[in-house]
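Here's the letter readout for the chains.
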Amino acid sequence: LAETGEPLCVNFDIDHVVEDTTSEYFLEQKVKRLSKKTHQLNGKSFTPPVNFHNTAVKQVVDSIDMQVLKESGTFSSLTSIGDELKQFVASYISLREIEKKRLKEWGQPVTSYSIRRVLSTIMAPNATIGCNDRYGGGAKERAVQNKKNNNATQRDKAVLNGTACAWCGSELSHASLADGVDSTYCSHKCAEEGRLRRGGVYASSRIRAQVFELEGGVCRKCGIDAHALYLRISALQPAERLNALCNANWNLPKSGPALERILQNPKEGDFWQADHVVAVAEGGGDCGLENLQTLCTPCHKSETEKLRARLRLSGSFKTDGHSQTNFSQVKNSQMDIRSAFFSQTCSGTSVKKRRRRTAD
């Protein structure tokens, strides 16, 4: 801080300090996320190198009060300030969209060297650890349960009557309760968390919508633009789709019905998934956007196979058909994901055994 108490930082637009090719690419990605449209139809995701506009960088550096910097001893030269700016921009661009979102909401000055440390601090309160339930529910779900148990509080009654927030239980504002206004949540933050973590019939669709808004349907693992590929495939005739998928190096489904479905009636859900970074079966359930990412369907299948192998090794289920772990009870009519893996594995094992006996 300077002697006046003002932070030694400068606000600037990233698009102003990078070359037009880089700026146009990130503008295109932003438009795509907002409109759910794209002009990039080959299915490939291309991230150009970050090229800086040195004149614009110098203008940003020149706007800093150099006398204050000299007195503070923060930087030794203008060159080092410019290098710090470039390093910050490069570090920021490499972040996940949810990480960029949280940094903006935090609203405090950040250096390139402290970005990761700051993110670990501001995102930690939203992280869930050790929860194996896909959805944890909010104030309304707790109120429904308390009513069934005949111990509902006044707040529970307010939530059930629609005069309190369905996520946090706080009273809704007078504007939210006005005639003709249908409000479920008290704030945008509660709406975001509630749509992600309360569950319900449309939970998966709401989760996909929020993940798409941030990441645009681009796989975080292999980088393919799965949403763009879906748009291209759906625009083609069925006879043309197989060649287009092969040309995009898409890993085709192995089962006949699945392949037939994607060729005859492709859906966006055939191309990308909203995946948990820390799997639900490993304690990543009941999570916010911090634990969600976009994976194309082939990468999602690969990660699922790796998860199944890890669960076997950790003793979550045995090969003799008996689970070794006492799984949590079913909650909100959702099957424990580890039980689903276990059932599928046991089913596959029994089928193989029957086939061997038949062959013998």
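Residues numbered from 1 in each chain as written. Predicted model: local features only at pLDDT ≥ 70, side-chain atom pairs only at ≥ 80, totals over all residues. Heavy atoms only, no water.

1. With respect to the packing of helix 13 (residues 238–247) against helix 14 (residues 256–264)
Packed helices, taken two at a time, are described by the angle between their axes plus the distance between the axes. The criterion, for reference: Note on geometry: axes are C-alpha line fits, over the in-contact stretch for helices, and angles between N-to-C directions span 0 to 180 degrees. Going along the chain from the N terminus, every DSSP run of H or I of four or more residues is numbered as a helix, and every run of E of two or more is numbered as a strand. Put simply, angles under 35 degrees are roughly parallel, angles over 145 are roughly antiparallel, angles from 65 to 115 are roughly perpendicular, and the rest are oblique. In this description, contact between two residues means that some pair of their heavy atoms is separated by no more than 4.5 Å. Note that Gly is not counted as nonpolar here; it falls among the polar residues with everything else outside the nonpolar set of Ala, Val, Leu, Ile, Met, Phe, Trp, Tyr, Cys and Pro and the charged set of Asp, Glu, Lys and Arg.
Here helix 13 crosses helix 14 at 110°, and the two axes come no closer than 8 Å. If you check the angle between helix 13 and helix 14, you find them roughly perpendicular. Of the residues in helix 14, those in contact with Pro238, Arg241, Leu242 and Leu245 of helix 13 are Ile262, Leu263 and Gln264. Looking at side-chain class alone, the contact of helix 13 with helix 14 contains five nonpolar, one polar and one charged residues.

2. What about empty space enclosed by the protein?
Stated formally: Here a cavity means grid points, on a 1 Å grid over the protein atoms only, where a 1.4 Å probe fits yet cannot get out; a pocket means an open set of points with protein on both sides within 12 Å along at least five of seven lines; lining residues are those with an atom within 4 Å of a point. Grid points are joined across faces, edges and corners, and a volume is the space filled by probe spheres set on the points.
Across all of its chains, the model carries one cavity of 30 Å³ or more by this definition. Size it by volume and the largest cavity reaches roughly 40 Å³. As for the largest cavity, its lining consists of Arg134, Tyr135, Leu196, Ile207, His276, Cys287 and Leu292. Split into classes, the residues belonging to the lining of the largest cavity amount to five nonpolar, one polar and one charged.

3. Brief notes about the side chain of glutamate 193
Selection rule: For every residue, the accessible area obtained with a 1.4 Å probe (protein chains only) is divided by the maximum for its type, and the residue is called buried under 20%, exposed over 50%, and partly exposed between those limits.
Assignment of secondary structure puts glutamate 193 in helix 10 (residues 188–197). The buried category is assigned to glutamate 193, whose relative accessible area is 6%. Not counting residues up to four positions away in its chain, the partners in contact with glutamate 193 are Arg102, Trp167, Arg198 and Gly288.

4. A word on the nonpolar core
What counts is decided by this rule: Nonpolar cores are built from buried Ala, Val, Leu, Ile, Met, Phe, Trp, Tyr and Cys residues. Side-chain atoms within 4.5 Å join them into one set.
Core analysis: the largest hydrophobic core is formed by 31 residues, its most contacted members being Val17, Val89, Leu103, Leu119, Leu289 and Leu292. Elements supplying a minimum of two residues to this core: helix 1 (14–17), helix 3 (54–62), helix 5 (78–93), helix 6 (97–106), helix 7 (115–123) and helix 11 (203–215).

5. Some thoughts on the pattern of salt bridges
To be explicit about the condition: By salt bridge we mean one thing: a side-chain nitrogen of Lys or Arg within 4 Å of a carboxyl oxygen of Asp or Glu.
Enumeration over the complete set of coordinates arrives at 16 salt bridges. Across the pair arginine 102 and glutamate 290 runs a salt bridge whose closest N-O atoms are separated by 2.5 Å. One end of the pair, arginine 102, is in helix 6; the other, glutamate 290, is in the loop between strand 1 (272–276) and strand 2 (292–296), and 188 residues separate them in sequence. Between glutamate 282 and arginine 310 there is a salt bridge, with the nearest N and O atoms lying 2.8 Å from each other. Placement of the pair is glutamate 282 in the loop between strand 1 and strand 2 and arginine 310 in helix 15 (residues 297–314), with a sequence separation of 28 residues.

6. A word on helix 10
Counting buried residues in helix 10 gives seven out of 10 residues, a clear majority hidden from the surface. Here helix 10 has its buried residues at Cys190, Ala191, Glu192, Glu193, Gly194, Leu196 and Arg197. As for helix 10, its buried residues are in contact with helix 6, helix 11 and strand 2. In the segment just after helix 10, glycine 199 is the residue with positive phi, at about 85°.

7. Side note on the confidence of the model for the chain
Basically, it comes down to this: Per-residue confidence from the predictor is reported as pLDDT, a score between 0 and 100.
Averaged over all residues, the pLDDT of the chain is 78; the fraction at 70 or higher stands at 71%. Across the chain, the secondary-structure element scoring lowest on mean pLDDT is helix 16 (residues 337–359), at 48, and the one scoring highest is strand 1, at 95. Segment residues 33–46: pLDDT under 50, and 39 contacts once partners within four positions in sequence are set aside and those in other chains are kept. Between residues 350–360, whose pLDDT stays under 50, and residues either more than four places distant or in other chains, the model counts zero contacts.

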